[in-house]
Amino acid sequence: MSIVKKIIEDFKGTSKNIVVPYSKKLTGGYEVNIAKFSGLVSVNKRRSSKEIADEWSKKIFGKKFSNSKYTSRIPAVIARHVYVLETIINNLNIKNKTLCDFGAGEGQFLEFLKQKKLGCKLFGIEPSIKNCKILSNKKINNFKGTVEDYSKTKNKKKFDIVTLMWTLCNTSNSYDIINKASKLLKNNGYIVIAESSRILVPFKKPIQMYFGKGNPDIHPFHFSKNSLSNLLIVNNFKPIFVNRYIDSDYLLIIAKKINKIDKKNIRLDNYKKVKIFFETWFKESRKYKKEIL
């Protein structure tokens, strides 16, 4: 089996794996896995895309930010949206371009971009009815549904840029999402992905504040720089920008759509090193909020 097919199997959760040390203890009995081939960290036993999208839409989005609720209208999320926006502007010419935000949420990022008055044509794909109403009220064109739903529509558009901000980690099939993003992009289009920088980097929070109790498939994927880059590469993207993720709270990659798989730039994470990373993270975290552990 080729290296590309093995990576795809890892993302689909069908390859050989081990359990993340202490993950069952931290989640209350649920497994998080490490793929033996590429070192990808993900939840192999996960619900469908629709089920996960429904939980976000009906149970998680709210007016307050807490352990069980999410809103982008807080300083921390505003800051990361501004960080992504300014990074895009500094690295791409987006004037008069068409841009689609996958998992647009309450539309905050698109609203910030609209305020820049760069002539961008903006579009959001969002499964939440409530959030789509917010987008419409801000006069931002949108589609109510998942990326999978939109890809099946007859009159779907093609875009210059696709963005996913803290969204890809919450999808049931990240490989399929990036594959669909490629098909929705024009030739030589760009994809921008922002996630939290947590794997194979200095610890930025106690592990018990990262893996909470309950089914972890609400956030099935935990990306390292290598695993996120590999996901893009096997979908015919070439990473052209990677931020300084090692000491930042964010991992941000901009990649260009190309017409081939650039296998020479694939870099695998050693699953044994990933295992040791989690063991060390757990031991270090015992110094903080010991009662949780």
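Residues numbered from 1 in each chain as written. Predicted model: local features only at pLDDT ≥ 70, side-chain atom pairs only at ≥ 80, totals over all residues. Heavy atoms only, no water.

**Student:** Describe helix α6 (residues 129-137), and please don't skip the residues or the numbers.
**Tutor:** Within the span of α6, buried status applies to N131, C132 and L135. For α6, the angular spread of the buried residues around the axis is 100°, confining them to a single face. Away from its buried face by more than 90 degrees, α6 exposes I129, K130, K133 and N137. Along its buried surface, α6 packs onto α5 (108-115), β5 (121-126) and β6 (141-144). (Buried < 20%, exposed > 50% of the residue type's maximum accessible area, 1.4 Å probe, protein only. Helix = DSSP H or I, 4+ residues; strand = E, 2+ residues; numbered from the N terminus. Arc of directions from axis to C-beta. Contact = heavy atoms within 4.5 Å.)

**Student:** An account of the environment of L92 is needed here, citing residue identities and associated values.
**Tutor:** Note on placement: L92 falls in the loop between α4 (75-91) and β4 (98-102). Here L92 falls in the buried class, since its relative accessible area comes to 10%. A sequence separation of 13 residues divides L92 from G105, and the C-alpha atoms of the two residues are 23 Å apart. Beyond its immediate sequence surroundings of up to four residues, L92 is in contact with Y190, I240 and I254.

**Student:** Before we move on, can you summarise the nonpolar core with the specific residues and values?
**Tutor:** F102, L168, I191 and F223 are the most contacted members of the largest nonpolar core, which totals 38 residues. Setting aside chain neighbours within four positions, we find I191 in contact with V162, L164, I178, A181, L185, L232, F237, I253, I254 and A255. Membership of the second largest hydrophobic core comes to 23 residues, among which are L85, F112, L135 and Y250. (Core = buried A, V, L, I, M, F, W, Y, C linked by side-chain atoms within 4.5 Å.)

**Student:** Go over helix α9 (residues 225-233), please, and point to the residues and values.
**Tutor:** Most of α9 is tucked away: eight of the nine residues are buried. Turning to α9, its buried residues number three or more, namely N226, S227, L228, S229, N230, L231, L232 and I233. Along its buried surface, α9 packs onto α1 (3-12), α8 (174-184), β8 (185-196), β9 (221-222), β10 (237-242) and β11 (250-257).

**Student:** Run through the environment of A194, naming residues and quoting values.
**Tutor:** Counting through the fold element by element, A194 comes out in strand β8. Residue classification places A194 among the buried residues on the basis of a relative accessible area of 1%. For A194 and K36, which are 158 residues apart along the polypeptide, the C-alpha to C-alpha distance reads 25 Å. Setting aside chain neighbours within four positions, we find A194 in contact with V84, L164, M165, W166, L251 and L252.

**Student:** Provide a residue-level description of the pattern of salt bridges, including the pertinent values.
**Tutor:** Per the stated rule, a full pass over the model turns up 10 salt bridges. In this structure, the salt-bridge partner of K180 is D176, at a minimum N-O distance of 2.9 Å. Highlighted residues: K180 and D176, both in helix α8, separated by four residues, approximately one helical turn. In terms of burial, K180 and D176 fall into one category: buried. The residue K275 makes a salt bridge to E279 at a minimum N-O spacing of 2.7 Å. Within this pair, K275 and its partner E279 are both found in helix α10 (residues 271-285), separated by four residues, close to a single helical turn. Judged by relative accessible area, which is 32%, K275 ranks as partly exposed. (Salt bridge = Lys/Arg side-chain N within 4 Å of Asp/Glu carboxyl O.)

**Student:** An account of the packing of aromatic side chains is requested, with residue identities and associated values reported.
**Tutor:** If you walk through the whole model with that rule in mind, you get 16 aromatic pairs. Measuring from centroid to centroid gives 3.7 Å for Y22 and F282, while their planes differ by 10°, and the two rings are stacked. Of this pair, Y22 sits in the loop between β1 (17-19) and α2 (23-27) while F282 sits in helix α10, and the two are 260 residues apart along the sequence. Classification of Y22 by relative accessible area gives partly exposed; the value is 33%. A network of ring pairs unites the aromatic residues F203, Y210, F211, F277, F278 and W281 as a single cluster. (Phe/Tyr/Trp six-rings, centres within 6.5 Å; stacked < 30°, edge-to-face > 60°.)

**Student:** Lay out the sheet that holds β10 with the relevant residues and their values.
**Tutor:** Strand pairing in a sheet takes place through backbone hydrogen bonds and is either antiparallel or parallel in direction. Overall, mixed pairing links the seven strands, which are arranged β6-β5-β4-β7-β8-β11-β10 in an open sheet. Each edge of the sheet is formed by a strand with only one pairing partner; in this case those strands are β6 and β10. Sheet twist, expressed as the average angle between the axes of neighbouring strands with direction ignored, equals 20°. Note that β4 and strand β7 (residues 159-165) share four bridges and pair parallel. (Pairing = 2+ DSSP bridges. Axes fitted to C-alpha atoms, helices over the stretch in contact; angles between N-to-C directions.)

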